Amino acid sequence: LPHFKCVFVDSAWKGGEEQQGGCYTAIGAIAIFQMGPVYERVLLDLTMSNRMMSDEGASEMCRMMRRWGFSHWSCEQISDKPMVGLMRATARSVVPPVYPVWIDLKGWSKKAKESRIAMLAGQARGGNVHYLTSINPAMLALLRDEADTYPEDLHRDGLDMMGNSFADEVVSKWIPVS
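Read on for an overview of the structure. It should be emphasised that the depicted structure is a prediction, and the values quoted were computed from it without experimental measurement. (Residues numbered from 1 in each chain as written. Predicted model: local features only at pLDDT ≥ 70, side-chain atom pairs only at ≥ 80, totals over all residues. Heavy atoms only, no water.)

## Notes on helix 2 (residues 82–93)
What counts here: What counts as a helix is a DSSP run of H or I of at least four residues, what counts as a strand is a run of E of at least two, and both are numbered from the N terminus. For a helix, the expected span equals 1.5 Å multiplied by the residue count minus one. A simple rule labels every residue: compare its accessible area, found with a 1.4 Å probe on the protein chains alone, to the largest value its type can have, and call it buried under 20%, exposed over 50%, or partly exposed in between. This arc is taken over the directions from the axis of the helix to the C-beta atoms. In what follows, residue pairs with any heavy atoms lying within 4.5 Å of each other are defined as contacts.
The first and last C-alpha atoms of helix 2 sit 17 Å apart over 12 residues, in line with the 16 Å expected at 1.5 Å per residue. Listed in full, the buried residues belonging to helix 2 are Met83, Val84, Met87, Thr90 and Ala91. Taken down its axis, helix 2 places every buried residue within 130° of arc, on the same side. For helix 2, the exposed residues set more than 90 degrees away from the buried face come down to Pro82, Arg92 and Ser93. If you follow the buried residues of helix 2, they end up packed against helix 1 (54–68), strand 4 (72–75) and strand 5 (101–102).

Written out as structure tokens, the structure is:
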């Protein structure tokens, strides 16, 4: 089936004062398949950390791109353009190099954020979120906890990261039609 793979990021490195302040950085490699009007998403890889710095995040994104053989990435709230430069520099320094293609979500991260997260939490609780069993069980446990405790828990970074795969910029321009 034709599909599109991308690393999606909901970062917690939005500034020094918020770094490591309880929010998680969630980085996930997601494959998106289109079958007629239906889109199926499969989580291929996942890292969640409340200790990750931006350079470590860039390295992790490059690791996922090399492992799964693709180069597209999208980071929520990337008004911080230095991340694009950091990602390019990090990608060139790995061997073999990665040539990342940045997808700008164009404000998507602000649109109906709670609706996306609620929908994903409900799908996850219903067993309708697909993932590979090779993903680190501790990372999956963090994601499951977010889904199980939504909306009471304030931490929903993994669900938010996955929700970015629904962005118009991704769906309308990057997913091949089957």
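## Side note on a nonpolar patch on the surface
Our working rule: Exposure above 30% relative accessible area and the absence of a salt bridge qualify a residue for a patch, where like charges join within 9 Å and nonpolar side chains (Val, Leu, Ile, Met, Phe, Trp, Tyr) within 5 Å. Areas reported here follow the Shrake-Rupley algorithm with a probe of radius 1.4 Å; residue values treat only the protein chains shown as occluding. Note on definitions: salt bridges are taken to be side-chain nitrogens of Lys or Arg within 4 Å of carboxyl oxygens of Asp or Glu.
Among the surface-exposed residues, Leu1, Met35 and Val38 lie close enough to one another that they form a single nonpolar patch of about 280 Å² accessible area. Structurally, the position occupied by Leu1 is in the segment before strand 1 (3–10). Since its relative accessible area comes to 66%, Leu1 is described here as exposed.

## Details of the nonpolar core
Cut-off, in case you're wondering: What we call a nonpolar core is a set of buried Ala, Val, Leu, Ile, Met, Phe, Trp, Tyr and Cys residues that are connected through their side-chain atoms within 4.5 Å.
Counting 26 residues, the largest nonpolar core has Leu46, Met162 and Val170 as its most contacted members. Not counting residues within four places of it along the chain, the set of residues in contact with Val170 comprises Phe4, Phe8, Ile32, Ile103, Leu105, Asn164, Ser165 and Ile175. Counting 24 residues, the second-largest nonpolar core is a separate cluster that includes Met61, Trp68, Trp73 and Met87.

## Focus: the sheet that holds strand 2 (residues 25–35)
Heads up, the rule is: Here, strands pair whenever DSSP counts at least two bridges between them.
Strand order across the open sheet formed by six strands is 5-4-1-2-3-6, with mixed pairing between neighbours. If you trace the sheet from one side to the other, it starts and ends with strand 5 and strand 6 (130–131), each paired once. Bridge count between strand 4 and strand 5: two bridges; the pairing is parallel. Paired with His72 across the strands is Val101, a residue of strand 5.

## With respect to the packing of helix 1 against helix 2
Keep this limit in mind: Note on method: axes are straight lines fitted to C-alpha atoms, helices fitted across the in-contact stretch only, with angles between N-to-C directions ranging 0 to 180 degrees. Relative orientations are named as follows: roughly parallel for angles under 35 degrees, roughly antiparallel for angles over 145 degrees, roughly perpendicular for angles from 65 to 115 degrees, and oblique for any other angle. Should the near helix be turned anticlockwise from the far one by less than a right angle, the crossing is termed left-handed; should it be turned clockwise, right-handed. Ten residue types, Ala, Val, Leu, Ile, Met, Phe, Trp, Tyr, Cys and Pro, are classed as nonpolar, four, Asp, Glu, Lys and Arg, as charged, and the remainder, Gly among them, as polar.
At a minimum axis distance of 9 Å, the contact between helix 1 and helix 2 shows a crossing angle of 55°. When the axes of helix 1 and helix 2 are compared, the pair comes out oblique. For the crossing formed where helix 1 meets helix 2, the hand is right-handed. Packed against helix 1, whose contacting residues are Ser54, Asp55, Ala58, Ser59, Met61, Cys62 and Met65, the element helix 2 presents Met83, Leu86, Met87, Thr90 and Ala91 at the interface. Within the contact of helix 1 with helix 2, the residues separate by chemical class into eight nonpolar, three polar and one charged.

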